[in-house]
Amino acid sequence: MKVRVKWIEKMAFVGESESGHAVVMDASPEVGGRNLGPRPMEMLLLGTGGCSSIDVMSILTKMRQAVSDCYVEIAAERAESEPKVFTSIHLHFVVKGKGIKAEAVEKAVKLSAEKYCSASIMLGATAAMTHDFEIAEE
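Residues numbered from 1 in each chain as written. Predicted model: local features only at pLDDT ≥ 70, side-chain atom pairs only at ≥ 80, totals over all residues. Heavy atoms only, no water.

> Give me the nonpolar core: which residues, what numbers.
Grouped together as the largest cluster of nonpolar side chains are 17 residues, with contacts concentrated most on Val56, Leu60, Phe86, Ile89, Phe93 and Val105. Looking at this core, the elements that each hand over two or more residues are helix H1 (40-62), strand S5 (86-98) and helix H2 (102-116). Excluding residues within four positions of it along the chain, Leu60 makes contact with Gln65, Val67, Val95, Ala104, Val105 and Ala108. (Core = buried A, V, L, I, M, F, W, Y, C linked by side-chain atoms within 4.5 Å. Buried < 20%, exposed > 50% of the residue type's maximum accessible area, 1.4 Å probe, protein only. Helix = DSSP H or I, 4+ residues; strand = E, 2+ residues; numbered from the N terminus. Contact = heavy atoms within 4.5 Å.)

> Please give an account of H2 that cites residues and values.
Note on helix geometry: an α-helix contains 3.6 residues per turn, so any two residues three or four positions apart are oriented the same way. Its 15 residues give H2 an end-to-end C-alpha distance of 20 Å, which sits within 8% of 21 Å, the value for a rise of 1.5 Å per residue. Residues of H2 that are buried: Ala104, Val105, Ala108, Val109, Ser112 and Ala113. Projected down its long axis, H2 shows its buried positions confined to an angular sector of 160°, all on one face. Those residues of H2 that are exposed and aimed more than 90 degrees away from the buried face are Glu103, Glu114 and Lys115. Those residues of H2 that are buried lie in contact with H1, S5, helix H3 (118-123) and strand S6 (128-137). (Expected span 1.5 Å × (residues − 1). Arc of directions from axis to C-beta.)

> So, the sheet that holds S5: which residues are in play, and what are the values?
With respect to topology, three strands assemble into an open sheet ordered S4-S5-S6, the strand pairing being mixed. This sheet does not close on itself; its edge strands, each paired only once, are strand S4 (66-78) and S6. Taken pair by pair, the neighbouring strands of this sheet meet at an average axis angle of 15°, ignoring direction. Summarising the sheet, S4 and S5 pair through 12 bridges and their orientation is antiparallel. Paired with Cys70 across the bridge in S5 is Val95. H2 rests against S5 and S6 of the sheet, and its axis sits at about 155° to S6. (Pairing = 2+ DSSP bridges. Axes fitted to C-alpha atoms, helices over the stretch in contact; angles between N-to-C directions.)

> Could you give me a rundown of the sheet that holds strand S1 (residues 3-9), with the residues and numbers involved?
Across the sheet, three strands lie side by side as S1-S2-S3; this open sheet has antiparallel pairing. Since the sheet does not close on itself, it has two edges, and those belong to S1 and strand S3 (22-26), each with one partner. The mean inter-strand angle of the sheet, taken between neighbouring strand axes irrespective of direction, is 25°. Relative to strand S2 (residues 12-17), S1 runs antiparallel, the two sharing six bridges. Bridging from a neighbouring strand, Lys6 pairs with Val14 of S2.

> Could you give an account of the pattern of salt bridges, with specific residues and numbers?
Tallying each qualifying case throughout the model produces two salt bridges. The shortest N-O distance in the salt bridge between Glu16 and Arg4 comes to 3.4 Å. Note that Glu16 is positioned in strand S2 and Arg4 in strand S1, a separation of 12 residues in sequence. The class of Glu16 is partly exposed, set by a relative accessible area of 31%. Residue Arg34 pairs with Glu9 through a salt bridge whose shortest N-O separation is 2.3 Å. Here Arg34 is found in the loop between S3 and H1, whereas its partner Glu9 is found in strand S1, with 25 residues between them in sequence. (Salt bridge = Lys/Arg side-chain N within 4 Å of Asp/Glu carboxyl O.)

In short, the description is geometric, and any link to function would need to be established separately.
Encoded structure:
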């Protein structure tokens, strides 16, 4: 896998993926950015959420769960001093649908966390990773 990150101006960059997609990243105004896009560390969390969500939805689909909506809210803490790595990351999944089985969601989240989500497992090498879920019946 290869990507390219190109400087635009000030502290703004465009990241280009091998699959042909682009995203603008920027720093906060406090360090010279103009808030044109997410911060790189936010992108790490977004990527982790996307990776894990793909796993969870794929597993729930294979389990024939009638999911109408799924999202993950991620809260993270960073170290106080440099390098300001993530020290804890919590993923909270919300799965909506009819007759969704808690055992199925629990298994999907666990499989993503422990076996399939490369991003989550990689970040778990330096951060305490936790996961939970809730089901919203429709």
